[in-house]
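Topology and contacts: notes
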Amino acid sequence: MGVADMTDIVDSGVDEIHVNELRALEAESVHIFREVVAEFERPVLLFSAGKDSIVLLRLAEKAFRPAPLPFPVLHIDTGHNFGEVIDFRDRRVGTAGHKLIVGSVQESIDRGRVQELDGPNSSRNRLQTRTLLDSLEDGGFDAAFGGARRDEERARAKERVYSFRDEFGQWDPRAQRPEPWTLYNGAIRRGEQVRVFPLSNWTELDIWRYIELEDLEIPSIYYAHEREVFERDGILLAVSEYTQPADGESASTEWVRYRTVGDLTITGAVRSRATDIGGVIEEISAATVSERGETRADDRTSAAAMEDRKREGYF
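Each value, and the rule that gives it
Residues numbered from 1 in each chain as written. Predicted model: local features only at pLDDT ≥ 70, side-chain atom pairs only at ≥ 80, totals over all residues. Heavy atoms only, no water. Helix = DSSP H or I, 4+ residues; strand = E, 2+ residues; numbered from the N terminus. Buried < 20%, exposed > 50% of the residue type's maximum accessible area, 1.4 Å probe, protein only. Contact = heavy atoms within 4.5 Å. Areas by Shrake-Rupley, 256 points an atom, 1.4 Å probe, with all protein chains shown as cover. Phe/Tyr/Trp six-rings, centres within 6.5 Å; stacked < 30°, edge-to-face > 60°. Pairing = 2+ DSSP bridges. Axes fitted to C-alpha atoms, helices over the stretch in contact; angles between N-to-C directions. Parallel < 35°, antiparallel > 145°, perpendicular 65-115°, else oblique. Left-handed = near helix turned anticlockwise from the far one by under 90°. Salt bridge = Lys/Arg side-chain N within 4 Å of Asp/Glu carboxyl O.

An unreviewed UniProt entry lists the protein chain under the name Sulfate adenylyltransferase subunit 2, with Gordonia soli NBRC 108243 given as the organism.

Right, dumping it as structure tokens:
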């Protein structure tokens, strides 16, 4: 092991075994990025400013530096995001000089492409699919990098690294191609797309250890802080202009953090006192439920909620 690698271990607190595992995962992801750029004409990187996409962006930068990224960054904005996350998104992408494209769900609503639902449990999360498909078509993108991991949810576990979508952007888990010996088949017809998941073999704990190892900045809401929340269907939702307690629900100020970030109308917090990355890693190491299973209301609507959305074109 070289001096630089030993410095990584000393500075980060990540032990040697985990450093070696993370560097192997990193090398695999970097290889995937380079393969896609070599095979496809117009890739794009999906960036939500969440922890997984932050790691994804860092890996993309490593794959091509010192050259600039050979593709833009795309964020599908529901308009109901946490302010801390949007501030981080603009700072992270802007400082690095990457090209940012924002697909707006609000614009999709205004144009009549989608219809917003009413009611206390409604959200814009499902509306993202139409905005994403329109953004991919408008940009002429034939490959889109996403930060999904197989351990997140059982529909995610059906994905290959190259996830093929038809000319309508739809996904059929039975039509995916084998990937023996990490060999990827990128042949597509005009109008077809590929979603590419370089983090497929990473776990949530790997993501956090890599953030620690690389000393990556993340939005502040990933660490414990005081926030006004209320409980709905077993999920702690933030009080905001878009989410308010209904009859029978009461708000209180609690110490919480977020395991995942997204539309704040459906993304729940967890009670926590983990104010630094060491505390977060300790909590994740002891967790028995995935972040989506614990904190995402949209994944609780049915046993196949994620798979249904993915078949429609969701990332």
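Still more to cover.
When you go through the protein chain residue by residue, the secondary structure sums to 10 helices and 10 strands. Across the 315 residues of the protein chain, 56% fall into the buried class. In the protein chain, 72% of the contacts between residues at least 6 apart in sequence involve partners at least 24 apart. As displayed, the protein chain has an accessible area near 14500 Å², and 47% of this comes from carbon and sulfur atoms.

A few words now on the packing of aromatic side chains. In the structure shown here, the tally under the stated rule is 10 aromatic pairs. Centre to centre, the rings of tryptophan 202 and tyrosine 210 are 5.3 Å apart; their planes meet at 85°, and the pair counts as edge-to-face. Taking relative accessible area as the criterion, tyrosine 210 reaches 0% and is therefore assigned buried. Three or more aromatic residues joined by ring pairs form one cluster here, namely Phe33, Phe64, Phe71 and Phe145.

Spatially, the 6 strands line up as an open sheet ordered β3-β2-β1-β4-β6-β5, and their pairing is mixed. Strands at the two margins of the open sheet, each flanked by one partner only, are β3 (100-104) and β5 (162-165). The mean inter-strand angle of the sheet, taken between neighbouring strand axes irrespective of direction, is 30°. Sheet analysis places β5 next to strand β6 (residues 193-196), joined by 4 bridges and oriented antiparallel. Its bridge partner lying in β6, phenylalanine 164 is registered against valine 194.

Look at helix α2 (residues 16-39) against helix α3 (residues 51-64): their axes get within 9 Å of each other, and the N-to-C directions meet at 70°. Between α2 and α3, the crossing angle belongs to the class labelled roughly perpendicular. The handedness of the crossing between α2 and α3 comes out as right-handed. Between α2 and α3, the contacting residues are Arg23, Glu26, Ser29, Val30, Phe33, Arg34 and Val37 on the first element and Leu56, Leu59, Ala60, Lys62, Ala63 and Phe64 on the second.

One pass over the structure, following the stated rule, counts 21 salt bridges. In this structure, glutamate 61 and arginine 92 form a salt bridge, with 2.8 Å as the shortest nitrogen-oxygen distance. Highlighted residues: glutamate 61 in helix α3 and arginine 92 in helix α4 (residues 83-96), separated in sequence by 31 residues. As far as the burial class goes, glutamate 61 and arginine 92 line up, both buried.

Strand order across the open sheet formed by 4 strands is β8-β7-β9-β10, with antiparallel pairing between neighbours. On the outer flanks of this sheet lie β8 (235-238) and β10 (270-271), each paired with one strand and no other. Pairing of strand β7 (residues 225-232) with β8, which is carried by 4 bridges, proceeds in the antiparallel orientation. What sits directly across from valine 229, in β8, is alanine 238.

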